[in-house]
Structures are given as C-alpha cells and as structure tokens.
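Listed below are the residues making up each chain.
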Amino acid sequence: AGGVIATLENSAQRAALVQAQGSYEAALATSAQSAVGVNEAGTAVSSAKNNLISTLRGGYNSSNSAITGNIDQFFSNPNSYVPGLKINSSGRATEFNDLRVEFQKILPEWSARTSSLSPTSDLSVEASYAKTNLNKTIQFCDMFIATFARHDGSAAYTDEQLKAYVQSFSALKSSLLQSVAAIETAESQLQNAKDSEIRAGVSAGSGTVSASGAQIKIALGSLQAAQSAYQKTIVRSPIQGVVNALYLKTGDYVSPGQPAAIIANNNGLQIKTFISEI
C-alpha cells in the first residue's frame, strides 16, 4: 500500500517544491538571525545603561570638584551654617551663602545616589536629578563670574586676579555644560537602544506574534501546498498486493478515470458462487 505505480510528468511541481523548501529554510534562517539580533539589541541596551551610569558619575565628580576645588576657596568656612563669603558681592552675600549651604546637603546625597547606581536603577530619574544639580552648580559659577567681572576694587583681590578668576570660572562653567550635554547624549543613546530592542523583539518573536514567526508560517503553508501538488502527480497503490496488470507506459497521455493498473491480493481472493443441490 502506498507503493508507486507510475509518475506523471511533474517537472513544474518538483521545481515549485524545491522553491518552497528554499523559502521555508530561508524563513528559518531569518528567524535565527532575528534571535541573534535580539541578543545583540539586549547587549546594546546593557552597554548604553552602563555608559549612562558612568556619565552620571562623571557629572557628580565635575560638580563636586567645582564646589570643593574652586568655589570653596572664596568662603571662609564653606561647610558651616554661615559659610562666610570672602569677596565683595554687592549685597548678594546671603544668596551666595544660602546656595553653598544647600550644597552641603546636595553633595553627600548625590554621592550616595551615584555610588548605588546600577543597571536596575531608574536611570531616567537619576539623570534628571544629576542635571538639576549640575545646573545649580552652573548657576553658582555664573554668580561668581558676574561678581568677578565687576572689578569693584576689592582689597582682597587685584584686578589681574579677578580677570584670571573670570577666565577660570568660565572654563569651569563650560566643563559643567559639557557634563549636562554628555548626560543628555547618553540618555538618547539608551532610549535608541531600547527602541531597537523592542523592534528586534517584534521581528524575532519574543512575544506571541512576530514578523519572523509569520514568515515561517507563510513559507510552511507554501511548502505544504507544493508538497500536495507534487504528491498528486504520483500514482500509488491503494492496497497491499500484486500488480496483475499495468496499462500505463512511459510517455502515454492519461485521461481522468482511465484505468492505470490492476492490483490484487492474490493470496486472499474469495469467490462467491451458488451450488445446486444436485
């Protein structure tokens, strides 16, 4: 049963079957490549997170250095309740002192949050927090630059010193602005990496529906249709037995319903007849 008796001319069906098999295998290969793409996208997200963490830590270091290494030299006791501004600020001493007191709380808290950063942290919140503090540091620099630029004849500093301070604080401000820009760039890179990961997941089929999964199903359907068309070109025995007669010859044209062969189980033949009483 199922043995081939004859085959119709089927070059077109064989070609279609080979093509469908190729399409199916190509869909499987594409799906495998998409899975690799998901892994690569995940790696890119992890790398972008680590880059943002490093950038946030660099932002803290820049601000902390600006406060403790540059700004604090103009306070007699920068970590006290009244830091004591040492330069003539034209009535803005309270504003300077209050901002320095505010940084007494900001810097330790910022340091702790920066030290505890990890890829599982809410990096968007941490980036916003860091940019807020960097902008406060920039504001502090602007206050000093404006004070130095007045050249009010302060006895504590010469005009040459004040000009030099304007230049150094302007460079410091530029560095802080670069830190803010670096954080924004790192945020954008992380968001782009996340978007790519989502697209890769949709393509590869990390969920219930995927582009690659759909392509595999389409290719499999085409393959099964081609297999069905090819099988229809093969004449098979419906039973197990012996070919007692074969009416087909190579090159013959066959019409629907035309007998192809006689197949019988010769060892299991039965004859039904009537026997008279006489």
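Refer to the preceding data block for the structure.
Predicted model only: the values in this text are computed from it and were never measured.

Asker: Give a detailed account of the overall build of the protein chain, specifying residues and quantitative values.
Answerer: Secondary structure summary: the protein chain contains five helices and four strands in total. Along the chain direction, N to C, the helices and strands of the protein chain fall in the order β-α-α-α-α-α-β-β-β. For the protein chain, the C-alpha radius of gyration of 42 Å lies well beyond 19 Å, the compact-globule estimate for 278 residues. Its C-alpha atoms give the protein chain principal-axis dimensions of roughly 150 × 40 × 20 Å. The 278 residues of the protein chain split such that 31% are buried. A separation threshold of at least 6 residues defines the contact pool for the protein chain, and within that pool the share at least 24 residues apart is 72%.

Asker: Account for helix H2 (residues 93–115), naming residues and giving values.
Answerer: Taking 1.5 Å per residue as the helical rise, H2 with its 23 residues ought to reach 33 Å, and the 33 Å between its terminal C-alpha atoms agrees with that figure. Along H2, the sharpest kink reaches roughly 25 degrees, centred on Gln104 and followed within four residues by the proline Pro108.

Asker: Residue-level account of the packing of aromatic side chains, with values.
Answerer: All told, the structure shown has 16 aromatic pairs when counted by the stated rule. Relative to Phe144, the ring of Phe75 lies with its centre 6.2 Å away and its plane at 85 degrees, an arrangement referred to as edge-to-face. In this pair, Phe75 is assigned in the loop between helix H1 (11–70) and H2 and Phe144 in helix H3 (residues 123–150), connecting sequence segments 69 residues apart. The two residues Phe75 and Phe144 agree in class, both being buried. Taking 5.8 Å as the distance between ring centres and 40 degrees as the angle between the ring planes, the aromatic pair formed by Phe144 and Phe148 counts as tilted. One end of the pair is Phe144 and the other is Phe148, both in helix H3 and four residues apart, which spans about a single turn. Under the relative-accessibility criterion, Phe148 is labelled buried at 0%. Put simply, the rings of Phe74, Phe75, Phe96, Phe103, Phe140, Phe144, Phe148, Tyr165 and Phe169 pair up and form one aromatic cluster. Here the basic side chain of Arg113 rests over the ring of Tyr129, its NZ or CZ set 3.8 Å away from the ring centre.

Rules behind the numbers
Residues numbered from 1 in each chain as written. Predicted model: local features only at pLDDT ≥ 70, side-chain atom pairs only at ≥ 80, totals over all residues. Heavy atoms only, no water. Helix = DSSP H or I, 4+ residues; strand = E, 2+ residues; numbered from the N terminus. Rg over C-alpha atoms; globule rule 2.2 N^0.38 Å. Buried < 20%, exposed > 50% of the residue type's maximum accessible area, 1.4 Å probe, protein only. Contact = heavy atoms within 4.5 Å. Expected span 1.5 Å × (residues − 1). Bend = angle between axes of the 7 residues up to and from the residue. Phe/Tyr/Trp six-rings, centres within 6.5 Å; stacked < 30°, edge-to-face > 60°. Lys NZ or Arg CZ within 6 Å of the ring centre and 35° of its normal.

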